[in-house]
Amino acid sequence: MTSSESETAAPRPRHPEKAHRPDQASPRKPAWIRAKAPTSREAAEVRRLMRDKKLATVCEEAACPNIGECWKRRHATFMILGETCTRACAFCNVRTGRPDALDPDEPDRVIESVAAMALKHVVITSVDRDDLADGGARQFQRCVAGIHAAAPGTTVEILTPDFRDKAGALETVMETPPEVFNHNLETVPRLYPSIRPGARYFASLRLLQRAKELAPEVFTKSGIMVGLGETREEVLQVMDDLRAADVDFLTIGQYLQPTRKHAAVDRYVTPEEFEDYARLARAKGFLLVSATPLTRSSYHADRDFEALRAARLDRLRTA
Ligand code: SF4
């Protein structure tokens, strides 16, 4: 490419695989979906630290509606393994394509940032890295081990990919168990081919079950989005499947369409329906449930960790 060509070349689309799809129109957002912009002083500090450390957050990459609130509380979710995902889920705003080589210094920068932010509870997630032999499992393990060593009072929650077809990956992660192991089912199994085509529902369930088998003391957690066309019965079946896999904590939130090339919102689930889901999930035996329109896996994760611990103690006392 000549320099004049490179000057005029169009920027690479964030989701090249979706660029030629027809636009999808979602219904107008209801009053109960309110996003606050990250304009506080604390949010500016979080942003500066992330830029300084050359780290990404899923808060920004996924265009999370809670960023204003979370960053004001200095609660951010680190996104490791680079910024480019090898999958192309229909709901996700994270950049897709061919990722850069793995950065061996990334765990150190995460560990330094956790210390700089004086976090009591940290959430670490990642892009999918199907190109790596271990799917990025060792990088997760290095982050958890490093934080536990550098800040023994800090609890760690990881939200991992499914490590599909990566033998031994979960075992690598669980060499140094985090306090919370999270893997999202994202939606009901019927919608996997259109919403999460690179994944398999029962493989994700099995990952959660296996994490609990490998480290029974670790809290396991999973979440789904609603408003994608699922039925109430399907959501209740997912709850049963997660309980059968011994999952402790369920999150349910409203799907929001990141761009017009992503899957359209089928409908906005009302706050009352969320309350109904929460009530039913509690009755099915989850230790903790968060089900509100703006619930995201990492929303209030620090407070929820304390609630999880308390709920476990309570259950042990009454057992
Ligand atoms: S809910 Fe999670 S992803 Fe969204 S802003 Fe808060 S910490 Fe970030």
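The name given to the protein in an unreviewed UniProt entry is Lipoyl synthase, with the source organism recorded as Roseospira goensis. Looking at the Pathway (unreviewed entry) heading of the UniProt record, one finds this comment for the protein: "Protein modification; protein lipoylation via endogenous pathway; protein N(6)-(lipoyl)lysine from octanoyl-[acyl-carrier-protein]: step 2/2." UniProt's Sequence similarities (unreviewed entry) comment on the protein is quoted here verbatim: "Belongs to the radical SAM superfamily. Lipoyl synthase family."

Some words on the overall build of the protein
Regarding its fold elements, the protein presents 12 helices and eight strands. Over its C-alpha atoms the protein spans a radius of gyration of 19 Å, differing by no more than 12% from the 20 Å that the globule rule assigns to 319 residues. Projected onto the principal axes, the alpha-carbon positions of the protein cover approximately 70 × 45 × 45 Å. Buried residues in the protein amount to 44% of all 319 residues. The long-range fraction of contacts in the protein, counting pairs at least 24 apart against all pairs at least 6 apart in sequence, stands at 75%.

Some words on the nonpolar core
Phe-91, Ile-124, Val-226, Phe-249 and Leu-250 are the most contacted members of the largest nonpolar core, which totals 84 residues. Examining the composition of this core, we find that five residues originate from one element, helix 6 (residues 137-150), more than from any other. Residue contacts for Ile-124: discarding those within four places in its chain leaves Phe-78, Ile-80, Val-110, Phe-140, Cys-143, Val-156 and Ile-158.

Some details on the site of the ligand
Every residue close to the ligand is listed here: Val-58, Cys-59, Cys-64, Asn-66, Ile-67, Cys-70, His-75, Ala-76, Thr-77, Arg-296, Ser-298 and Tyr-299. Sorting the residues of the shell around the ligand by element identifies helix 3 (58-61) and helix 4 (67-72) as the ones contributing at least two each. Considered class by class, the residues forming the shell around the ligand number seven nonpolar, four polar and one charged.

Quick notes on the rules
Residues numbered from 1 in each chain as written. Predicted model: local features only at pLDDT ≥ 70, side-chain atom pairs only at ≥ 80, totals over all residues. UniProt positions renumbered as here; feature names shortened; annotations may be inferred. Helix = DSSP H or I, 4+ residues; strand = E, 2+ residues; numbered from the N terminus. Rg over C-alpha atoms; globule rule 2.2 N^0.38 Å. Buried ≥ 20, exposed ≤ 12 C-beta atoms within 10 Å, placed from the backbone. Contact = placed C-beta atoms within 7 Å. Core = buried A, V, L, I, M, F, W, Y, C linked by C-beta atoms within 7 Å. Near = placed C-beta within 6 Å. Nonpolar A, V, L, I, M, F, W, Y, C, P; charged D, E, K, R; others polar.

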